Amino acid sequence: MYSRKYCTHCGSRSTLRARFDHFARLSRGLSLLTTILVLGSIASPYAKAAGPPIDGTPSGAVELSGDKVSFGDNLKLLFLEQIGGVAADQDLGSLNLVERTELSGEYTVQLDGDIMLPIMGPQKIAGKTYLAAQQQLQEAYKTLFAKNARVSLTILNHEPIYILGSVAKPGTYDFSSGMTVLHAIAQAGGINIGNRSDIYDLVRENQRLELSLQKQRKLLARLDVLRAERAETKPKPSDRLVRLAGSDAEKLVAEVEHIRELAVAERKLRLSSLDTTIESAERELAAQRERITHIRSNSDSKFERANMLKDLAKRGSGNAYQYLQAKSEFSDVQERLTEVNALIAQIEDRRAQSINEKSKIETEEQINLEREIQSAEDQLVEESANASASMRILGLFDGGVSSYTEKQVTQFSILRRSVDGTHEIVGGELTELRPGDLLKVQLLARPGTAMLGRVVR
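Residues numbered from 1 in each chain as written. Predicted model: local features only at pLDDT ≥ 70, side-chain atom pairs only at ≥ 80, totals over all residues. Heavy atoms only, no water.

Asker: Which parts of the structure should I look at to understand the overall build of the chain?
Answerer: Helix and strand counts for the chain come out as seven helices and 14 strands. Looking at the 457 residues of the chain, the share that counts as buried comes to 35%. Nonlocal contacts in the chain, meaning residues at least 24 apart in sequence, comprise 68% of its contacts between residues at least 6 apart. (Helix = DSSP H or I, 4+ residues; strand = E, 2+ residues; numbered from the N terminus. Buried < 20%, exposed > 50% of the residue type's maximum accessible area, 1.4 Å probe, protein only. Contact = heavy atoms within 4.5 Å.)

Laid out in structure tokens, this is it:
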């Protein structure tokens, strides 16, 4: 049914204008949808040969330490559609991928666990690991468009955590991956137990040590990948990384390798474009050089004929008109010869520029690789020193947080939202927090003491 609109000019109701507007909107919508579908089905002229199938788990994808998508997360999604066929022996660097800009962008996970994507509609990803969310979006894309796509999911920022109770600085704090109750207490200035500041130092040093070890694991994984790239071998975890990360060592290396492969693929695309330009220039040079050979042969015959007619004209037995005509033909041939020589010079210049640019890219690649290795090694030395300093400080303490509260026991209550509602969890110092958690810290009297049953504020 079309809505009837009131005409302000004649005071009557009319549907003509409403119908016109309705069909205009339909026309614009269909035009936009057609444009999107057409663009999605055209391969980029700069894309390389197709790579491995991407309708399942992407090559080199990594599940990051069990991290999951949470309510309020701000995500950045990158949709890359696969174009063309796929050969079984192709690698990631040879994939034909075209970005779907109408789908790529930043999104926020709503309270119902959904993100709202243009065209694709709502997608429920809250509570799923990053890898599972990527796979879901890839399957949804394939179902809707009947095409394979690679989806890159990046967490821009999480919803903060909220800390209340017996801490020095209650309030809102940024969430970071792997954060535990102990980390949250450290950010809030430690447990508020009066003038006993030793516990603050202990918590802070524990946090510093953990952050330093985390950075070392990432740096070692990066070094393993960069050194393998320099040696042109398959990257594998070093013994030092295995000692620090244990079973997660291979996952860390695979994560860095995946990111590195994307950068290498972009560089290979540039080099392939230059190779194509060089090959095209060489084919043009061969054709023009063959052409100039024929022109020179024709020029020699024209020159001999003009000289012969000139000699005949001098002896009075030749025709002056024929001599002038032969001389004009020889001049025309010489002009063509000059034009072809100029064209050859232009082609040779273009070929030389492409060769120089390719050499520059390859040289810069080696220099940048060495710089990245050196930078990672320097950062690793610095983090190793920080970790050693933290361990020396922690060695001065005889115990953990509880050793400083002889008559008190700390209770940690966590309010956590889920799809099913809000739940209360009783946790410990090493309980991992999630974005949006509310942590309540209480100091309760230890059983058997004079403070039994009283909350210490």
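Asker: Looking at this structure, how should I read the nonpolar core?
Answerer: Core analysis: the largest hydrophobic core is formed by 23 residues, its most contacted members being L75, L77, F79, I115, L117 and M120. For this core, the secondary-structure elements that each account for two or more residues are strand 3 (74–82), strand 6 (114–117), helix 2 (130–145) and strand 8 (149–157). The leading source of residues in this core is helix 2, at six residues. Excluding residues that lie within four positions of it along the chain, M120 makes contacts with F79, L103, L137, A140, Y141, L144 and F145. In this structure, F175, M179, I185 and L443 belong to the second largest nonpolar core, which totals 17 residues. (Core = buried A, V, L, I, M, F, W, Y, C linked by side-chain atoms within 4.5 Å.)

Asker: Explain the packing of aromatic side chains here, please?
Answerer: To describe a pair of aromatic rings, you give the distance between the ring centres and the angle between the ring planes. Inspection of the entire model under this criterion finds two aromatic pairs. The cationic tip of R100 hangs over the ring face of F145; the distance from NZ or CZ to the ring centre is 4.9 Å. (Phe/Tyr/Trp six-rings, centres within 6.5 Å; stacked < 30°, edge-to-face > 60°. Lys NZ or Arg CZ within 6 Å of the ring centre and 35° of its normal.)

Asker: Can you walk me through the packing of helix 6 (residues 249–314) against helix 7 (residues 320–394) in this structure?
Answerer: When two helices pack together, their arrangement is given by the angle between the helix axes and the distance between those axes. Where helix 6 meets helix 7, the axes come as close as 7 Å, and the angle between the chain directions of the two elements is 160°. As summarised for this structure, helix 6 and helix 7 are arranged roughly antiparallel, according to the angle between their axes. Between helix 6 and helix 7 lies a crossing of left-handed hand. Among the residues making up the contact of helix 6 with helix 7, the classes are represented as 22 nonpolar, eight polar and 23 charged. (Axes fitted to C-alpha atoms, helices over the stretch in contact; angles between N-to-C directions. Parallel < 35°, antiparallel > 145°, perpendicular 65-115°, else oblique. Left-handed = near helix turned anticlockwise from the far one by under 90°. Nonpolar A, V, L, I, M, F, W, Y, C, P; charged D, E, K, R; others polar.)

Worth remembering: the numbers are spatial, not functional.
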